[in-house]
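Structural features, examined
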Amino acid sequence: MPFNLRDTGATLWANSNKWQRYLIAGVIIVGAFALPLLEGTFLNTPRTPFVSVLFYPIGVYVLMALGLNVVVGKSGLLDLGYVAFYAVGAYTAGILSMHTKLNTWEILPVGIALAMLSGFVLGAAVLRLRGDYLAIVTLGFGEIIRITALNSSAVGGANGISNIPNPPTTFGFTFDLESDRNYYWVVLILIIITILIIRGLSARRPGRAWESIRQDEDVAELMGVNTYKYKLWAFVFGASVGGAAGVLFASKAMFIAPNIFNYNISILILAFVVFGGMGNIWGVVFGAVLLSYIPERIRFISEARMLIFGLVLIIMMNLRPDGLLPRKKREKIGIAGGEIK
Amino acid sequence: MDFSVLTDQFASLTFDGIALGFIYVLIALGYTMVYGVLRLINFANSEVFMLGSFATILVATKLFNHTIESDPLTGFKLVYTMTAMLVGAMIVSGVASVIIEIVAYRRLRSRTSNRLTSLISAIGVSIVLAEAVRMATSSAPMGSPRLLDKTILATVWGADIRVDTLLVIVFAIILLIVLDLFVNKSRLGMGIRAVSMDYDTSRLMGINLNKIISTTFLIGGLGTGAASFFYITVYEMTRFSIGFELGLAAFTAAVLGGIGNIRGAFAGGIALGLIEMYASAVLGTQWRSITAFVILILVLLFKPNGIFGESLQQARV
Amino acid sequence: MSNQPVLELKNVTMQFGGVKALNQVNLQVNKGEICALIGPNGAGKTTVFNVVTGVYVPTDGEILFNGKSLKGKNRHKITKMGIARTFQNVRLFGEMTSLENVITATDVHNKSGLVGSILNTPRSRREEKAGREKAHEILKFMGIDHRSDQLAKNLPYGDQRRLEIARALGTSPEIVLLDEPAAGFNPSEKKSLAELIVKIRDRGYTVLLIEHDMSLIMGISDRVAVLDFGEKIADDLPSVVQNNPKVIEAYLGVPADAS
Ligand SMILES: Nc1ncnc2c1ncn2[C@@H]1O[C@H](COP(=O)(O)OP(=O)(O)OP(=O)(O)O)[C@@H](O)[C@H]1O
Ligand SMILES: [Mg+2]
């Protein structure tokens, strides 16, 4: 049998007892927090400091990929306007910091809530449509948000919003131009929380509902799954994660403009999800890390980034539609990779 | 908002809207015919349009060595140059469309894999083509020499009837009539209709599906190529992102008329062209690009079958 | 067996374009019975299931479940009320295990949703555990518990058919609609399935069964309704229907179809 990282990992996990699992999870988490130590090694990125790359693009994109994965990978809903929620989060940060004294941590829940609200409104309107149409309508929604921002002087029009404050010093951790590492740790914490939530959902009722919708929506409905409600939840959950990523991004970049939030970002995130393995958390994390890191590491790829991501989409769909680390192929493993007792 | 613009220039907006509408109609063919046979949004059709627009200009500049400064042509020379541009665009777009089908869809189709995979593959093709052209042109727009002098033929209710817009309308009508005859009268056309109506039965009946599907993509591509020629004739400019900008509007036109339906595409295209012109006159051109999206969302919400279309909600149990 | 109707179709007409798949059909299924629905290909049997489960909205007529009209009810609501079905062409969630297929169906009566699942509340934990146990129990009842951890798509055909029934039972229905559950079975498989259907009835479920195999039907049904070209031409005890000249005529010339 050929070596398969996904299966090896899943087997290891399945055969571990509770304490071994805590140990494995602990090692992974500590390892992730320790990544900034690799600064200066062969992993170094030529143009941007390595630790900064860990936050953006890697961290932010991993977070977004996890959110989109719930929508596309788990529920089979093709959302081509995911960038809209990222934009809503970022603009919430921009606008609130212009008009209020709220700091980043206070803005974060607002940004998430507004992203969820827009996800809800969009979802409520379009989720009755089937597959293909959803793709186009969400794409259109993303463009509507961008162009509206572009033409609204209240949010700076094409110039966007600048001087968005960094987060305040928290528990002794400072957040300024020098503190790339702390930003990375924050996004890492959000990523871990998101993974925990998704794992919880996947192994339980919502995960089954999404899975059944993805496989056969008509039958799911006839087996009692309230498909509309669960599709809407998937959408809203995905939106919340995108919104969080947006707030974080804006507070580090200090500057946002409409054209940062273009269609390409939606495609980028989709490529991460597809490359790693639709529906599988680890596959998606892996895909997002790899594909957002490589263009930073290898200069000439940066320019051809979108071209390569387009190719990734075609090649993966034709040759390996389940991605590099496909979702559960083995049997005897619960949907999330382990039974929750 | 300024409604007086609308009333003052109503006739000329209408005329321009109809011309734009015909361009949409032709591009919409690439979506609607493919949707008819495969029930798949041919995402890459926008890039077929983009390629056609570059092909139109390149025929003029590379084959006939015209430059941006070239003087307009007249007489026979004008006719054959323009014809060559039209044919060039149609060939490039038609061939691109057929190749796209083979590269991006055929393999997936034969595996009866789920629709998500084909859709994502199509999006991939669209991105690759747009990006390849972006890199090749360094993101710069490409202008077209004005080979057809934009003479004003007549003025009707204050609207200038320009030769280029009139040309678009006349030729688009001719092309559409030919297409309608082809689909309704020829053997291949009937094959296309049969597959559109019932894919599975047609396969069982021994219809050569690959041939039918390739033909469908070819026709869609030819129509889209013609659209790019007309677009260049009127607007004289293209860039790598033109597909994204116009293609989706054309898709909206197809949905508006009821996707999968050629006559629907006609109605939808004209309607959209007019709405866009009126809307940008009233709201300002900066909003024009989202008019289509807003309409698309409204149509799908309130009349998901379009004006003439099939039922999208048909249960498949 | 009582005469208390569980499911009633009253003058139901279902028209597709020019085709009247059902024409003024009246049908009553009583509590605790096995009612068979037979008829030649294209008679409208599956369409009966489709209008009952809300897949199609009937053009005319009324459908009552325990006396309550199903008009305007969502499909998942109808399932929750107590009507479950299987499909003529097996339509399992192929990439889920057998167990997950059934648990998904048991979820219909659960209360906890997204938030409960994220917080892993006691109720969510309780419901997850109960669902798992119930699913195992149903799989055991259907004789396929040894398949519970296999992906549905990898099951042998016969077990897929059984899993479809198991999934339907997972929704704790009052009535199960079985659409040709023995299609493609050999005689011995058919026999064991017939026994299973009787066991299902004896567990308290009401059964509406579409089947082509006459001997299977005659052996286990309490009542047989016959459709022909969308019209009900007979509805009586199996022995009576068997000798009904109209029924014989409807089937004459129609090859005995086992598909
Ligand atoms: N969605 C639909 N659209 C159009 N016609 C339909 C539709 N569903 C069913 N029909 C038609 O209704 C009639 C009855 O079909 P139905 O599937 O109910 O037959 P059946 O009795 O189940 O036959 P079989 O034994 O072959 O399963 C057929 O003529 C069929 O073509
Ligand atoms: Mg049937």
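Residues numbered from 1 in each chain as written. Chains lettered and ligands numbered in written order. Predicted model: local features only at pLDDT ≥ 70, side-chain atom pairs only at ≥ 80, totals over all residues. Heavy atoms only, no water.

1. Comments concerning the nonpolar core
- Ranked by size, the top nonpolar core spans 249 residues in total, and within it A:Leu78, B:Phe43 and C:Leu7 carry the most contacts.
- Of all the elements, helix α2 (residues 10-38) of chain B adds the most residues to this core, at 18 residues.
- Those residues in contact with B:Phe43 that sit more than four places away from it in its chain are A:Leu80, A:Ile136, A:Leu139, A:Tyr263, B:Tyr31, B:Tyr105, B:Leu119, B:Ala122, B:Ile123 and B:Ser126.
- Membership of the second largest hydrophobic core comes to 45 residues, among which are C:Leu99, C:Ala182, C:Val207 and C:Leu209. (Core = buried A, V, L, I, M, F, W, Y, C linked by side-chain atoms within 4.5 Å. Buried < 20%, exposed > 50% of the residue type's maximum accessible area, 1.4 Å probe, protein only. Helix = DSSP H or I, 4+ residues; strand = E, 2+ residues; numbered from the N terminus. Contact = heavy atoms within 4.5 Å.)

2. Some points on the site of ligand 1
Residues and elements named next belong to chain C.
- Around ligand 1, the structure places 13 residues, and the nearest of them are Lys45, Thr46, Thr47, Tyr56 and Gln88.
- Tyrosine 56 is positioned such that a nitrogen or oxygen atom in its side chain is 2.8 Å from a nitrogen atom of ligand 1.
- Side-chain polar atom of glutamine 88 to an oxygen atom of ligand 1: 2.7 Å apart, as the coordinates give it.
- Within the complex, the protein chains bury 65% of what would otherwise be the 630 Å² of accessible surface of ligand 1.
- Broken down by element, the residue count for the shell around ligand 1 peaks at three residues, all from helix α1 (residues 45-52).
- Broken down by class, the residue content of the shell around ligand 1 amounts to four nonpolar, seven polar and two charged. (Near = heavy atom within 4 Å. Polar contact = N/O pair within 3.5 Å; in protein donor to acceptor, adjacent residues only side chain to side chain. Areas by Shrake-Rupley, 256 points an atom, 1.4 Å probe, with all protein chains shown as cover. Nonpolar A, V, L, I, M, F, W, Y, C, P; charged D, E, K, R; others polar.)

3. Remarks on a positive patch on the surface
- Where like charges cluster on the molecular surface, the positive patch consists of A:Lys229, C:Lys68, C:Lys73, C:Lys77, C:Lys80, C:Lys111, C:Arg123 and C:Arg126.
- At the level of secondary structure, the elements contributing two or more residues to the positive patch comprise α2 (75-81) and α5 (122-141) of chain C.
- When its relative accessible area of 55% is taken as the criterion, C:Arg126 is described as exposed. (Patch = residues over 30% accessible without salt bridge, like charges linked within 9 Å, V, L, I, M, F, W, Y side chains within 5 Å. Salt bridge = Lys/Arg side-chain N within 4 Å of Asp/Glu carboxyl O. Lys, Arg positive; Asp, Glu negative; His and termini not counted. Charge placed at Lys NZ, Arg CZ, Asp CG, Glu CD.)

4. Brief notes about the environment of C:Gln28
All names here are of chain C.
- Of note, glutamine 28 is situated in strand β2 (residues 19-30).
- By relative accessible area, which is 32% here, glutamine 28 ends up partly exposed.
- Note: C-alpha distance between glutamine 28 and valine 6 (22 residues apart in sequence) is 7.6 Å.
- Not counting residues within four places of it along the chain, the set of residues in contact with glutamine 28 comprises Asn3, Pro5, Leu7, Glu8, Glu33 and Arg223.
- A distance of 3.0 Å separates a polar atom in the side chain of glutamine 28 from a polar atom in the side chain of asparagine 30.

5. Section: the interface of chain B and chain A
- Contact with chain B, which involves 45 residues of that partner, is made by 41 residues of chain A.
- Interface of chain B and chain A: buried area, both sides summed, is about 3900 Å²; carbon and sulfur atoms make up 75% of it.
- One can count one salt bridge joining chain B with chain A.
- Residue B:Arg134 is joined to A:Glu303 by a salt bridge in which the shortest nitrogen-to-oxygen separation is 3.6 Å.
- Those elements that place two or more of their residues in the side of chain B that touches chain A are α4 (75-110), α5 (115-136), α10 (242-257) and α12 (288-302) of chain B.
- Top contributing element to the side of chain B that touches chain A by residue count: α5(B), with 15 residues.
- Of the residues assigned to the side of chain B that touches chain A, the class counts are 32 nonpolar, six polar and seven charged. (Buried area = accessible area lost by both parts, 1.4 Å probe.)

6. Some details on the side chain of A:Thr194
- Position of A:Thr194 relative to the elements: it lies in helix α7 (residues 180-203).
- In this structure A:Thr194 touches A:Leu63, A:Leu66, A:Phe237 and A:Val241, once residues within four positions along its chain are discounted.

7. Side note on the sheet that holds strand β4 (residues 60-65) of chain C
All names here are of chain C.
- Here we have four strands laid out as an open sheet, ordered β2-β1-β4-β5, and antiparallel in their pairing. Looking at strand neighbours, the two that pair on one side only are β2 and β5 (68-69), the edges of this open sheet.
- In terms of strand pairing, strand β1 (residues 5-16) meets β4 through five bridges, oriented antiparallel. Across the sheet, the residue bridging to threonine 13 is aspartate 60, located in β4.
- Set on the sheet, α1 makes contact with β1, β2 and β4; between it and β1 the angle comes to about 110°. (Pairing = 2+ DSSP bridges. Axes fitted to C-alpha atoms, helices over the stretch in contact; angles between N-to-C directions.)

8. A few points about the coordination of the magnesium ion (ligand 2)
All names here are of chain C.
- Note on the magnesium ion (ligand 2): its protein donors are Thr46 (OG1) and Gln88 (OE1). The metal-donor distances range over 1.9 to 2.2 Å. Taken as a pair, threonine 46 in helix α1 and glutamine 88 in the loop between β6 (83-85) and α3 (98-106) lie far apart in primary sequence, 42 residues in all.
- Judged by relative accessible area, which is 23%, threonine 46 ranks as partly exposed. (Donors = N, O, S within 2.8 Å, 3.2 Å for Na, K, Ca; no water.)

9. Overview of the pattern of salt bridges
Residues and elements named next belong to chain B.
- Counted by the stated rule, this structure contains 33 salt bridges over all chains.
- Among the salt bridges present, the one from arginine 239 reaches glutamate 245, with a minimum N-O distance of 3.4 Å.
- Taking the relative accessible area as the measure of exposure, arginine 239 reaches 31% and is therefore partly exposed.
- Glutamate 245 gets classed as partly exposed once you look at its relative accessible area, which sits at 38%.
- A single salt-bridge network, built from bridges that share partners, covers Arg146, Lys150, Arg162, Asp164 and Glu236.

10. Quick notes on the packing of aromatic side chains
- Applying the stated criterion across every chain, the model contains 28 aromatic pairs over all chains.
- Ring geometry for B:Tyr231 and B:Tyr235: centres 4.8 Å apart, planes at 25°, overall stacked. You can see B:Tyr231 and its partner B:Tyr235 sitting in helix α9 (residues 209-235), four residues apart, about one turn around the helix.
- With a relative accessible area of 30%, B:Tyr235 lands in the partly exposed category.
- Over the aromatic face of A:Tyr183 sits the side chain of A:Lys252, whose NZ or CZ is 5.4 Å from the ring centroid.
- The ring of C:Phe93 carries C:Arg167 above its face, with NZ or CZ at 4.8 Å from the centroid. (Phe/Tyr/Trp six-rings, centres within 6.5 Å; stacked < 30°, edge-to-face > 60°. Lys NZ or Arg CZ within 6 Å of the ring centre and 35° of its normal.)

11. Digging into the side chain of C:Asn101
All names here are of chain C.
- For asparagine 101, the location among the structural elements is in helix α3.
- For asparagine 101, a relative accessible area of 0% translates into the label buried.
- Apart from residues no more than four positions distant in its own chain, asparagine 101 is found in contact with Leu92, Phe93, Met96, Ala152, Leu163 and Arg167.

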